[in-house]
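Chain and residue survey
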Amino acid sequence: RARPDADLLEGLNPPQREAVIYRGPALLIVAGAGSGKTSVLTRRIASLLRSREAWPSQILAITFTNKAAGEMRERVAQLVGDRAQGMWISTFHSACVRILRREAEAFGFTKSFTIYDSGDTRALLKRLVKEHEADAFGLTPGSVMSKISKLKNELADAESYARSANMSDPAERVFVEVFGEYQRALQRANAFDFDDLIGQTVFLFRAFPKIADTYRRRFRHILVDEYQDTNHAQYALINELTRPVGSDAQPFDGGGGMMIFEATPEPGSDTDAASLTVVGDSDQSIYAFRGADIRNITEFERDYPGAKVVLLEQNYRSTQNILTAANSVIGNNFDRKDKKLWTDVGAGEKIVGFTGYSQHDEAQFVADEIEALHRTDIDYSQMAVFYRTNSQSRALEEIFIRSAIPYKIMGGTKFYERAEIKDAMAYLVAIANPADEMAVRRILNKPRRGIGDVTETAIARYAADQQITFRDALANASALGVGPKIQAAIAQLDAVLAEAAEIMLPSSGELAPPTAVAEGLTLLLQKSGYMSALRQSKDPQDEARLENLDELVAVTREFARNNPDGTVIDFLTEVALVSDADDLEDASGSVSLMTLHTAKGLEYDAVFVTGVEEDLIPHRISAGEPGGPQEERRLFYVGITRARKRLYMSLAMTRAQFGEVTVAMPSRFLQEIPADLIDWRQSPGDVNSRGGIQSRALNARRPGGSGGGFGGAPARRFGDDLVPKSTALDRFPNRIPARVRDNGDMILGPGDRIRHEDFGEGRVDAVTGEGAKRVAHVRFDKVGAKKLLIKIAPIEKI
Ligand code: ATP
Ligand code: MG
């Protein structure tokens, strides 16, 4: 009789098949990009369900983004139908929120806790840094924030950190104070920050083995995609979940006088542990800066002895030319297991390289090529443009808008970071979690009601005296000892909040109607006077703010349609967990624009990797970081391997960034691609003038002799077949466009008049900088003030 999952194995190659059907405690699938890791994970889930080895509720699958989770869920549903319901397929953060919502009461939180995003965290730390005068010790809210995040990813808290830190250093002492205070503030506000979602779940499991056992018993099959980018806290979480059920609990001192019970496995009960499948590619580990630890995957076999390892090498995504380029680049990283991807789809088209005069020229090229591809019947949604830094999208967007190319920025959506949206969300938080003092303080005087700092302090003092929350103190306006007008304003706010709470949080037993969030939000925005204040304003920006608030109300309606039982807490959770790669709008029919980091796991017919320049990829901040250039190379590798059929790499000779115009150098990574893989193109109308900046720049960058030429690049391993003997840079166009001048000797001073090819005539206001970096500040007659790099700007003195 045929296996019930036979059709699931169709078309799979032998190792893929093995990865789907293997049954055992631990399975590691390591493989390069596009070899079917995610597909195999999906089929494995389907196979477990189809063969009835697992109930849907026994499956926990972790993906890197909510978007990836949605796609995996859909894919499984296509394979097994309704049975897909009830599985947990989500990100680490979403899974932990679900667990914490159920269990938070065990350790002093309530179900309605708030999730602080990085903006909230920063705001809170800003206050604490000020209160503790920590800036006197060189601490900034940003530096404290990243340090705390790093520690939390390592599962360290303020107390454990204090034990290892040099506490005679006053800066360390004040950091520990701020960290401790920050944590207490979160607890008081009934809030978790992003890192806490994972860390506190681990803490919960360790402190309450009975609770941990519930989940160990429940999740019999745990599967993790993109395992190479897990951090220590996430590793520990998986570790807790894959311990045998009923593990003995050994108390240990968790610090701060709290006894913690660490579960240790009971001998002989190993069979009780859930089965764990992880898939990943250490060459695609690109989140070290967020605490990802590549050792989680490289040491998997040590952590899970007896784990089965499956290697996949056949790539089903890209053409051979694209793969060869990818293999050649990544082969320059040391400390890696060599693996080579191959495909049987053939060489395909060559990679197209382009050097523009400026980022605008580069963007124009991208736009022109997109139109050309579109004419050959490649859908816009099958094209993507990647860049290293968000600011690079500006030039692209300008040209796309002008060329009427539909596009969508992924992860660039800053909708929820807008002030008016944050205000509206704070109103909702004030209802859902009244303990969240920061939210209540935020809306206290929005719109302006005449409640100033003095009153705010009076409310806070009253709350402290009475040992009640800030929100409850509001309800006692008459006891605050403030003037009658202010008292009336506070009472009015209190009444609006109370009225909205009745709609959104009906008294026990009753269920709020699906439209409760939309209705409650509308009521809050109207009765608080927030909308009318914007309507009466003369600021043209306020028109846009009103539209954004309408959009938010529309989002709540959409939420109600998708989640008929969804509460205001569910809504806030969903918004808090929108991650970089999750776009809110439908991207179909549009070209996708995104950073290289966001591109992980995705694939497109045509891919443009833009800004392939030194200081961008590798990024200049990575140059001094240990392992920085290697991580940048992995990022570049991720970008290349997203392409199915067509790959473009472009750069600009000059780029306005970091507040100045710079002469850009081609990325060192271009040197790692064999010459015959790239066809170089240039701006139209360029001439063959030899010499000049570009060729000089390139000559300076040629590696001389052995050992590689420039800072940070690994030694070229001559003789190694991965490293091409002639490289893409050897055929890099050794010409400069006509428009690039070498005005290095041009003397300019304030008052001089000049003519610019594009901008016309103007007057020099000032000259700053030195040598090749001299900048003329020019006021043009027609286009206004511009800053020009004298050395190369197309200008002449008149
Ligand atoms: P990444 O490392 O980028 O995350 P991946 O290893 O997860 O890649 P998938 O995204 O699962 O790879 O697969 C890449 C592409 O190859 C997908 O379009 C997938 O449908 C296709 N694919 C995978 N396996 C096969 C197969 N056996 N036959 C045909 N196509 C396949
Ligand atoms: Mg994948």
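Computed from a predicted model, the values in this text were never measured in an experiment.

**Regarding the site of ligand 1**
The local shell around ligand 1 holds 19 residues, among which G36, K37, T38, S39 and Y316 are the closest. Residue contributions to the shell around ligand 1 peak at 3 residues, all from helix α2 (residues 37–50).

**Quick notes on the nonpolar core**
Formed by 135 residues in total, the largest nonpolar core has its most connected members in I29, A61 and L428. Looking at this core, the element that brings in the most residues is helix α17 (residues 419–432), giving 9 residues. Apart from residues no more than four positions distant in its own chain, L428 is found in contact with L521, V568 and L572. Formed by 64 residues, the second largest nonpolar core is a distinct cluster that contains A292, Y357, F608 and Y648.

**Topic: the environment of N190**
With respect to the element layout, N190 can be found in the loop between α8 (170–188) and β5 (191–193). Looking at N190, the number of C-beta atoms within 10 Å reads 21, which means it is buried. With 247 residues separating them in the primary sequence, N190 and E437 have C-alpha atoms 9.3 Å apart. Residues in contact with N190, not counting those within four places in the same chain, are F109, T110, F113, T114, N433, A435 and D436.

**Overview of the sheet that holds strand β22 (residues 775–780)**
Two strands in a sheet stick together by hydrogen bonds in their backbones, pointing the same way (parallel) or opposite ways (antiparallel). Strand order in this open sheet of 5 strands is β23-β22-β21-β20-β24, and the pairing throughout is antiparallel. The open sheet is flanked by β23 (784–789) and β24 (795–797), the only strands paired with a single partner. The mean inter-strand angle of the sheet, taken between neighbouring strand axes irrespective of direction, is 40°. Examined bridge by bridge, strand β20 (residues 753–756) and β24 share 3 bridges and lie antiparallel to one another. From the neighbouring strand, I754 faces β24, where its bridge partner is K797.

**Considerations on the UniProt feature "binding site: ATP" (unreviewed entry) in the protein**
The feature "binding site: ATP" (unreviewed entry), as given by UniProt, occupies A31, G32, A33, G34, S35, G36, K37 and T38 in the numbering adopted here. When you line up the elements, G34 lands in the loop between β1 (26–31) and α2. Residue G34 is classed as buried on the basis of its 25 C-beta neighbours within 10 Å. Beyond its immediate stretch of four places on either side in the chain, G34 contacts N315, Y316, R317, S318, E603 and T641. With respect to the helices and strands, the residue T38 is situated in helix α2. Discounting chain neighbours no more than four positions away, the residues touching T38 are D225 and G601.

**With respect to the pairing of strand β14 (residues 591–595)**
Residues in a regular strand point their side chains to alternate faces of the sheet. Counting buried residues along β14, 5 of its 5 residues qualify, which places the element largely inside the surrounding structure. In terms of strand pairing, strand β12 (residues 383–387) meets β14 through 4 bridges, oriented parallel. Pairing of A384 across the sheet is with S592, part of β14.

**Concerning unusual backbone geometry**
Across the junction of K446 and P447, the peptide omega takes the value 0°, indicating a cis bond. If you trace the backbone, P447 turns up in the loop between α18 (437–443) and α19 (453–466). With omega at 5°, the peptide bond leading from I617 into P618 counts as cis. Examined against the element boundaries, P618 turns out to sit in the loop between β15 (604–609) and α26 (628–640). The backbone of E226 shows a phi angle near 50°, a positive value even though the residue is not glycine. Checked against the element boundaries, E226 lands in the loop between β6 (221–224) and α11 (232–241). A count of 25 C-beta atoms within 10 Å places E226 in the buried class. Even without a glycine there, the phi angle at D615 is positive, about 80°.

Thresholds, definitions, all that
- Residues numbered from 1 in each chain as written.
- Chains lettered and ligands numbered in written order.
- Predicted model: local features only at pLDDT ≥ 70, side-chain atom pairs only at ≥ 80, totals over all residues.
- Near = placed C-beta within 6 Å.
- Helix = DSSP H or I, 4+ residues; strand = E, 2+ residues; numbered from the N terminus.
- Core = buried A, V, L, I, M, F, W, Y, C linked by C-beta atoms within 7 Å.
- Buried ≥ 20, exposed ≤ 12 C-beta atoms within 10 Å, placed from the backbone.
- Contact = placed C-beta atoms within 7 Å.
- Pairing = 2+ DSSP bridges.
- Axes fitted to C-alpha atoms, helices over the stretch in contact; angles between N-to-C directions.
- UniProt positions renumbered as here; feature names shortened; annotations may be inferred.

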